[in-house]
Amino acid sequence: MIFTKEEFKAKVEEIQSQSWYRNPIGFGLARVDRGQKNPEKILQATFPVVNWEENYGSAAVFLNALKEAGAAVDTTKTELVCEVSDAFVESCIETFRPYIPEAKGEEHKNVQVLSQLASLPLSSGLNADNFKVVFIFEDAVVESVEAAYLKLYALSSGKAKLRSLNLNGIFGALHNCAWTGSTPIELDWLRENEIALKLSNKYPEITMVDKFPRFLSHVIPADNTRILETSKVRFGAQLAAGTTVMPGAAYINFNAGTEGVVMVEGRISSSAVVGAGSDVGGGASILGVLSGTDGVPVSIGENTLLGANSCTGTAIGDGCILDAGVTILPGTKITLSEKAVAAIQEINPDKEIKPLMRGMDFLGVNGVHFRQNSVNGQIIAMRSTREIKLNADLH
Amino acid sequence: MIFTKEEFKAKVEEIQSQSWYRNPIGFGLARVDRGQKNPEKILQATFPVVNWEENYGSAAVFLNALKEAGAAVDTTKTELVCEVSDAFVESCIETFRPYIPEAKGEEHKNVQVLSQLASLPLSSGLNADNFKVVFIFEDAVVESVEAAYLKLYALSSGKAKLRSLNLNGIFGALHNCAWTGSTPIELDWLRENEIALKLSNKYPEITMVDKFPRFLSHVIPADNTRILETSKVRFGAQLAAGTTVMPGAAYINFNAGTEGVVMVEGRISSSAVVGAGSDVGGGASILGVLSGTDGVPVSIGENTLLGANSCTGTAIGDGCILDAGVTILPGTKITLSEKAVAAIQEINPDKEIKPLMRGMDFLGVNGVHFRQNSVNGQIIAMRSTREIKLNADLH
Amino acid sequence: MIFTKEEFKAKVEEIQSQSWYRNPIGFGLARVDRGQKNPEKILQATFPVVNWEENYGSAAVFLNALKEAGAAVDTTKTELVCEVSDAFVESCIETFRPYIPEAKGEEHKNVQVLSQLASLPLSSGLNADNFKVVFIFEDAVVESVEAAYLKLYALSSGKAKLRSLNLNGIFGALHNCAWTGSTPIELDWLRENEIALKLSNKYPEITMVDKFPRFLSHVIPADNTRILETSKVRFGAQLAAGTTVMPGAAYINFNAGTEGVVMVEGRISSSAVVGAGSDVGGGASILGVLSGTDGVPVSIGENTLLGANSCTGTAIGDGCILDAGVTILPGTKITLSEKAVAAIQEINPDKEIKPLMRGMDFLGVNGVHFRQNSVNGQIIAMRSTREIKLNADLH
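Since this is a predicted model, take the numbers as computed values, not measurements.

Novice: Go over the packing of helix H3 (residues 86-96) of chain A against helix H4 (residues 109-118) of chain A with me, naming the residues and quoting the values.
Specialist: Residue and element names in this part refer to chain A. Their axes nearest at 10 Å, the elements H3 and H4 cross at an angle of 130 degrees. Between H3 and H4, the angle falls in the class oblique. Seen from above, H3 lies across H4 with left-handed handedness. Judged by residue contacts, Phe88, Val89, Cys92, Ile93 and Phe96 of H3 engage Val111, Leu114, Ser115, Leu117 and Ala118 from H4. Of the residues that constitute the contact of H3 with H4, the class distribution is nine nonpolar, one polar and no charged.

Structure, rendered in structure tokens:
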């Protein structure tokens, strides 16, 4: 029996020293939604707390409790998903005992989850078979719905960096569902019950059909973050504190997002990232790796303005302006005056600035104002008026 | 009394041979939502099953049952809408008897509707006067709300081809309502009850104000179709299996849609149709007949890419690319190099390809890449790199 | 005691003649939503009726009743917010007595509010401390949430002109909340209860995170107005009867809107106003004072067409056309042919029309068609074909 924190730590060390043991990259306990027609189909996994490269003590307790409860614990695989049993919960609670009194607010969130779970009747009713413990031991191709959700949580909670995770296989793992609010419904179940539901006026209000849920169904944003319409941010996106997402033409896909205070009125496609202080204007499009970007994920620098209805298919540096309505693709030919070459060269001493450049040549170039000359239609680059945090190393 | 399928068929033939009888183009049984203030106003009609140029045996049973139940059945009009009575239901059930045991899953859906209906108490409570049988005998100007919905169902279920139906009169037939989810509310009722509802904290959550409902309130899409936000597809749109509608700037209006696997991140205006394998980029606009198209509905061919924030006011062929940010209207002058003329002519032997063409001249021309030259602002056409399924007849 | 309308009027005059009394610019009675964690935080104020420069008799009754009920009534401040007590309600009802029988439908809405309130148990349960009387005596910087809502109501109900109110301080006054439909939730409360809510499957469906509610949560639009998706119109926007807001890329921010029948498929930024008969095409952007407009709020004239994906950063007159995809910023150089100068001059006799003008020079110029020449990329202006209601004074 564990009564003190010292005993707890000793227990954890003892578990971690066992040959079968392996620290997970990420883990957590989830409530799952099952198919209405095929209950073995997991439609969604909701994690109250996610652990990502942290809290290895709790991981050890969870894995040990699973083993004690008789679950098949194979840490040599890339993922592990186990049912939560009463025995597992009891074992965890016994080990966590010294932390239970102080598990409140921001303290010991995994212990809070277990305490809460211990108060629910797990073996019957709505809760039966609806809780899972999920581990990712290796950042490999996604296999289970539960691991897919754990990775999306890691991204959306900001615990894993955008573009840092292997998301291959995620479209294959997730099921396409009809959603009524945050609840997924199997399309087949809906089809089978369409007549009865419609005649009895009980047909659910379907708010979307997709494999991914929405960001706000799983994540609570920072106090100064605003998302004016939930459909505008897919789960798996990452929004730094202070980001505002407007409801016009905005959209932030999974594995895309912002790194600081950013105003988003346009599209940030999957794999695109926007730096702090930047502004994605109304209807502006930052292209994803699958369309018009030559396969290179697009990064937008800090304090850069993408004008309304502009389009970016290549990286843009810090302190830049892309005029409203202007499109810069990797192959776009951009003309610079002698004066522009000099002014841009001055603040980008390590880059080669020339009178005719392609969109892709501006990778890492700061302080550029991209415009279309309205007299002759030429796409030109000038020195922008936006402030740039100069890199001290260069001066 | 009908006991066998042979007797059923004989009965149907007997009905169909009567002088008053006429096969409907479409028919179905609907649950209706009535005005909260003016119950005679039909706000919405929900069909669990629609029949369009099919199932004439069920039509005969329905029409005969209405006559037997004493309803005024006039098949010389373009539409017929009758209340569902207990007598009607009983008569249908008696005639459908041999099919009732096998009416499950995809089999005999009209019989399923009647069986289900027979189990509901029709004469009182929530169901009273809320069911209608609806027939369209001629594709004329829309007169009733019920017939309007039946036509929209025919389009959205894919049973009628886009642009094939007469939808004149539909805006006059439908009532503008406030909607809370899938439930329509009379605006006048809301006004009359605003004070009481607001003070008692029972004011409904209004999700939209429109004459048309949303596609997902009535139609279950195919397993591989995705609609990431319900407001993005109006009822009356048609989405081929595999279509994805993103939540940024996308919108598909009624009588518009897709003919195959299509990615939709832009606007498909009413009357516009997009071919299989094509991609409507983020914020791309396909104009409708009422704005900038010279009144000709726009068709986009197969395997064609409309770039982000592009705009199309005229037909585009197969295997084309419209660059991000480029606008092609019917009158847009487009310049082709000698090489481009030759390359495009080669794959379009029956078209006249010239060094200077208008947007409208590209009707039926395949394999074109529309760009704006970023050095001189000229709108140009080149041979695209997209694959075209060549028409064997032309080679 | 007040028994007749004459006595009522005498009473009002008597109140108004007292030295402490001051007519408010606006006033009303609101139900408030309080913080789930911090009940002293007002998250939202819902007014069944707003008064703006009108109904001073009711204002006098309200202020007098507050004084009689012992509230601190200081009319020298810019705003006054008081709790509604039983004593206040009783006093109002006594004074309003002669109007109570006829307070129905459109008549005596303030009296209706009081009657309704008198029927609710105010001192306990859900209603306790949830009603406020709110006055604005001076159009100064916004201080309270309640006054912020009253101003937004004045704008959205059409009682105050767009841009006419001082909205400074409104972002500071309003709290950023998670919203489930029309109900605001404190983000902190959500954080504190995340584990329990998620494990018990009671986590609320969050539809947005913002400081402002949506227009349709507070305002009932005219019968011929359509808003196809509630997120597209922020509270504080103003929509003239007959306005249609489509769900693609449209958005109307607070303190922005329309002055007549307008089709809105694009963005109307805060402070922008669109005239009757105009059309904001799919994805068109009308810039706000904070981005690309030189700080001057943009007005779009009457019967003007902004094409799909166009962008406007400066005022556009009546009967103009901005072609799809064209951007006009204040500094955009626009070229006019000799013929165009003459034709535009003819209908704008008091303006200076020249062969080369800037976007900002077109302020108040009517009948202009802005295009990009597709052969040479030049932005040009021609005489448009749209009808202009000519100003009789000029001819």
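Novice: If you had to explain the domain arrangement of chain A to someone new, which residues and values would you point to?
Specialist: All names here are of chain A. Once the domains are mapped, chain A shows domain 1 (5-173), domain 2 (176-212) and domain 3 (215-394). Centre-to-centre separation of domain 1 and domain 2, based on C-alpha positions: 29 Å. The interface of domain 1 with domain 2 comprises 13 residues on the first partner and 11 residues on the second. The contact between domain 1 and domain 2 buries some 1,100 Å² in all, and 58% of this surface belongs to carbon and sulfur atoms. Three residues stand out in domain 1 for area buried against domain 2, namely Gln36, Lys37 and Phe171, and they jointly supply 52% of the buried area on that side. On inspection of domain 1 and its partner domain 2, the count reaches two salt bridges. One salt bridge in this structure joins lysine 41 and glutamate 186, with 3.6 Å as the shortest N-O distance.

Novice: Tell me about the side chain of lysine 151 of chain B, and please be specific about residues and values.
Specialist: Relative to the elements of secondary structure, lysine 151 of chain B occurs in helix H5 (residues 145-156). Not counting residues within four places of it along the chain, the set of residues in contact with lysine 151 of chain B comprises Trp52, Ile136, Asp139, Ala140, Val142, Leu165, Asn166 and Leu167 of chain B.

Novice: Quick one: what's the story with the environment of cysteine 311 of chain B, residue by residue and with numbers?
Specialist: Tracing the backbone through its elements, the reader meets cysteine 311 of chain B in strand S20 (residues 311-312). Assessed through its relative accessible area of 0%, cysteine 311 of chain B is described here as buried. The residues touching cysteine 311 of chain B, leaving out its near neighbours within four places in the chain, are Ser285, Leu287, Leu322, Val326, Thr327 and Ile328 of chain B together with Ala308 and Ala324 of chain C.

Novice: Give a description of the interface of chain C and chain B that names residues and reports values.
Specialist: Taken together, the contact between chain C and chain B spans 50 residues of the former and 46 residues of the latter. Across the chain C/chain B interface, buried area totals approximately 3,600 Å², and carbon plus sulfur atoms make up 54% of it. Area buried by chain C at its contact with chain B is led by Ile220, Arg226 and Ser374 of chain C, which between them contribute 18% of it. One can count two salt bridges joining chain C with chain B. The partner of glutamate 229 of chain C in a salt bridge is arginine 214 of chain B, and the shortest N-O contact between them spans 2.8 Å. Those elements that place two or more of their residues in the side of chain C that touches chain B are strand S1 (26-34), helix H4 (109-118) and strand S9 (226-227) of chain C.

Novice: Hey, could you go over the layout of surface pockets for me, with residue numbers and the actual values?
Specialist: Taken as a whole, the second largest pocket spans an internal volume of roughly 780 Å³. Lining the second largest pocket are 37 residues; nearest its centre among them are Val49, Val50, Glu106, Lys109 and Lys159 of chain B. Contributions of two or more residues to the lining of the second largest pocket are made by helix H7 (187-199) of chain A together with strand S3 (50-52), helix H2 (56-68), helix H4 (109-118) and H5 of chain B. Among the residues forming the lining of the second largest pocket, the class breakdown is 18 nonpolar, 12 polar and seven charged.

Novice: How would you explain the sheet that holds strand S22 (residues 327-328) of chain B if you had to name every residue and give the values?
Specialist: All names here are of chain B. Sheet architecture is open: five strands sit in the order S11-S14-S17-S20-S22, paired in parallel fashion. Of all strands in the sheet, those bounded by a partner on one side alone are strand S11 (251-252) and S22. Inspection of the sheet shows S11 paired to strand S14 (residues 267-268) by two bridges, in the parallel sense. Counted as the bridge partner of tyrosine 251 is arginine 267 from S14.

Novice: So, the relation of the copies chain C and chain A: which residues are in play, and what are the values?
Specialist: With an RMSD of 0.0 Å, chain C superimposes on chain A once it is rotated by 120 degrees and translated 0.0 Å along the axis. The transformation just described matches what one would write down for a three-fold rotation axis. In terms of C-alpha distance to the rotation axis, chain C has glycine 377 of chain C as its closest residue, with the C-alpha 2.3 Å off the axis. Comparing contact sets, just 20% of the residues at the interface of chain C also lie at the interface in chain A, consistent with a heterologous contact between different surfaces.

Novice: Tell me about the sheet that holds strand S22 (residues 327-328) of chain A, residues and numbers included.
Specialist: Residue and element names in this part refer to chain A. Pairing is parallel in the open sheet, where five strands are placed in the order S11-S14-S17-S20-S22. Edge positions in the sheet fall to strand S11 (251-252) and S22, since each of these pairs with one other strand and no more. When strand S20 (residues 311-312) meets S22, the two strands line up parallel, connected through two bridges. Each bridged residue has a counterpart across the sheet, and for cysteine 311 the counterpart in S22 is threonine 327.

Novice: So what about the packing of aromatic side chains? Which residues, and what values?
Specialist: Per the stated rule, a full pass over the model turns up 45 aromatic pairs over all chains. Plain terms: the ring middles of phenylalanine 8 of chain C and tyrosine 99 of chain C are 4.9 Å apart, the flat faces sit at 75 degrees to each other, and that makes the pair edge-to-face. One end of the pair, phenylalanine 8 of chain C, is in helix H1 (residues 5-16); the other, tyrosine 99 of chain C, is in the loop between helix H3 (86-96) and H4, with 91 residues separating them in the sequence. Just as phenylalanine 8 of chain C is buried, tyrosine 99 of chain C falls in that class too. Linked through ring pairs, Phe8, Phe27, Phe62, Phe88, Phe96, Tyr99, Phe135 and Phe137 of chain A together constitute an aromatic cluster. Positioned over the ring face of tryptophan 20 of chain A is lysine 67 of chain A, at 4.4 Å from the centre of the ring. The ring of tyrosine 203 of chain A is capped by lysine 198 of chain A, whose NZ or CZ atom sits 5.5 Å from the centre of that ring.

Novice: If you had to explain the interface of chain C and chain A to someone new, which residues and values would you point to?
Specialist: By convention, interface size is frequently given as the accessible area that disappears when the constituent parts associate. Taken together, the 46 residues of chain C in the interface contact 50 residues of chain A. It is Ile195, Lys198 and Leu199 of chain C that lose the most area in chain C upon contact with chain A, and together they represent 21% of the buried surface on that side. Linking chain C with chain A are two salt bridges, by the criterion used here. Summed over the shared surface of chain C and chain A, the number is 22 residue pairs in polar contact (both at pLDDT 80 or more). Of all the elements in the fold, those that place two or more residues in the side of chain C that touches chain A are helix H7 (187-199) and strand S8 (208-210) of chain C. Considering every element that reaches the side of chain C that touches chain A, the biggest residue donor is H7 of chain C, with eight residues.

Novice: With reference to specific residues and values, describe the packing of helix H7 (residues 187-199) of chain B against H4 of chain C.
Specialist: Where H7 of chain B meets H4 of chain C, the closest approach of the two axes is 10 Å, and the angle between their N-to-C directions is 40 degrees. Between H7 of chain B and H4 of chain C, the angle is such that the two are oblique. In the packing of H7 of chain B onto H4 of chain C, the handedness of the crossing is right-handed. Contacts from Ile195, Ala196 and Leu199 of chain B in H7 of chain B reach Lys109, Gln112, Val113, Gln116 and Leu117 of chain C in H4 of chain C. Class assignment of the residues belonging to the contact of H7 of chain B with H4 of chain C gives a composition of five nonpolar, two polar and one charged.

Novice: Account for unusual backbone geometry, naming residues and giving values.
Specialist: Only a minority of non-glycine residues have a phi that is not negative, and only a minority of peptide bonds are not trans. Phi is positive for histidine 108 of chain B, close to 50 degrees, though the residue is something other than glycine. Within the secondary structure layout, histidine 108 of chain B lies in the loop between helix H3 (86-96) and H4. The partly exposed category is assigned to histidine 108 of chain B, whose relative accessible area is 28%. Despite not being glycine, asparagine 303 of chain C shows a phi value in the positive range, around 55 degrees. Topologically, asparagine 303 of chain C is positioned in the loop between strand S18 (299-300) and strand S19 (305-306).

Novice: Help me get a handle on the relation of the copies chain C and chain B, residues and values and all.
Specialist: Between the two copies, chain C and chain B, the superposition gives an RMSD of 0.0 Å; the rotation angle is 120 degrees and the shift along the axis is 0.0 Å. A share of only 18% of the interface residues of chain C reappears at the interface of chain B, consistent with the copies meeting through non-equivalent patches.

Novice: I'd like a description of the pattern of salt bridges, backed by residues and values.
Specialist: Under the counting rule described, the total for this entry stands at 57 salt bridges over all chains. With its nearest N and O atoms 2.7 Å apart, the salt bridge here joins lysine 159 of chain A to glutamate 54 of chain A. You can see lysine 159 of chain A sitting in the loop between helix H5 (145-156) and helix H6 (170-173) and its partner glutamate 54 of chain A sitting in the loop between strand S3 (50-52) and helix H2 (56-68), a full 105 residues away along the chain. Looking at lysine 159 of chain A, the relative accessible area reads 37%, which means it is partly exposed. A salt bridge links glutamate 83 of chain B to lysine 132 of chain B; its shortest N-O distance comes to 3.4 Å.

Novice: Give a detailed account of H7 of chain B, specifying residues and quantitative values.
Specialist: Given 3.6 residues per turn, any residue in an α-helix points the same way as the ones three and four places further on. Residues and elements named next belong to chain B. Under the 1.5 Å per step criterion, the end-to-end length of H7 is 18 Å for 13 residues, consistent within 8% with the ideal 18 Å. Along H7, the sharpest change in direction is near 65 degrees and occurs at asparagine 193. Burial in H7 covers these residues: Leu187, Leu190, Glu194, Ile195, Leu197, Lys198 and Leu199. Residue asparagine 201 follows H7 closely and has a positive phi angle near 60 degrees.

Novice: Give me the lowdown on empty space enclosed by the protein, citing residues and values where you can.
Specialist: Taken as a whole, this structure holds seven cavities of 30 Å³ or more when the rule is applied. In terms of lining, the largest cavity is formed by Trp179, Gly181, Ser182, Thr207, Met208, Pro213, Arg214, Ser217 and Thr230 of chain A together with Glu205 and Ile206 of chain C. Split by residue class, the lining of the largest cavity holds four nonpolar, five polar and two charged.

Conventions and cut-offs
Residues numbered from 1 in each chain as written. Chains lettered and ligands numbered in written order. Predicted model: local features only at pLDDT ≥ 70, side-chain atom pairs only at ≥ 80, totals over all residues. Heavy atoms only, no water. Axes fitted to C-alpha atoms, helices over the stretch in contact; angles between N-to-C directions. Helix = DSSP H or I, 4+ residues; strand = E, 2+ residues; numbered from the N terminus. Parallel < 35°, antiparallel > 145°, perpendicular 65-115°, else oblique. Left-handed = near helix turned anticlockwise from the far one by under 90°. Contact = heavy atoms within 4.5 Å. Nonpolar A, V, L, I, M, F, W, Y, C, P; charged D, E, K, R; others polar. Domains from an automatic or database assignment. Buried area = accessible area lost by both parts, 1.4 Å probe. Salt bridge = Lys/Arg side-chain N within 4 Å of Asp/Glu carboxyl O. Buried < 20%, exposed > 50% of the residue type's maximum accessible area, 1.4 Å probe, protein only. 1 Å grid on protein atoms, 1.4 Å probe; cavity = no way out; pocket = protein on both sides within 12 Å on 5 of 7 lines; lining within 4 Å. Points joined across faces, edges and corners; volume = space filled by probe spheres on them. Pairing = 2+ DSSP bridges. Least-squares fit on C-alpha atoms with pLDDT ≥ 70 in both. Phe/Tyr/Trp six-rings, centres within 6.5 Å; stacked < 30°, edge-to-face > 60°. Lys NZ or Arg CZ within 6 Å of the ring centre and 35° of its normal. Polar contact = N/O pair within 3.5 Å; in protein donor to acceptor, adjacent residues only side chain to side chain. Expected span 1.5 Å × (residues − 1). Bend = angle between axes of the 7 residues up to and from the residue.

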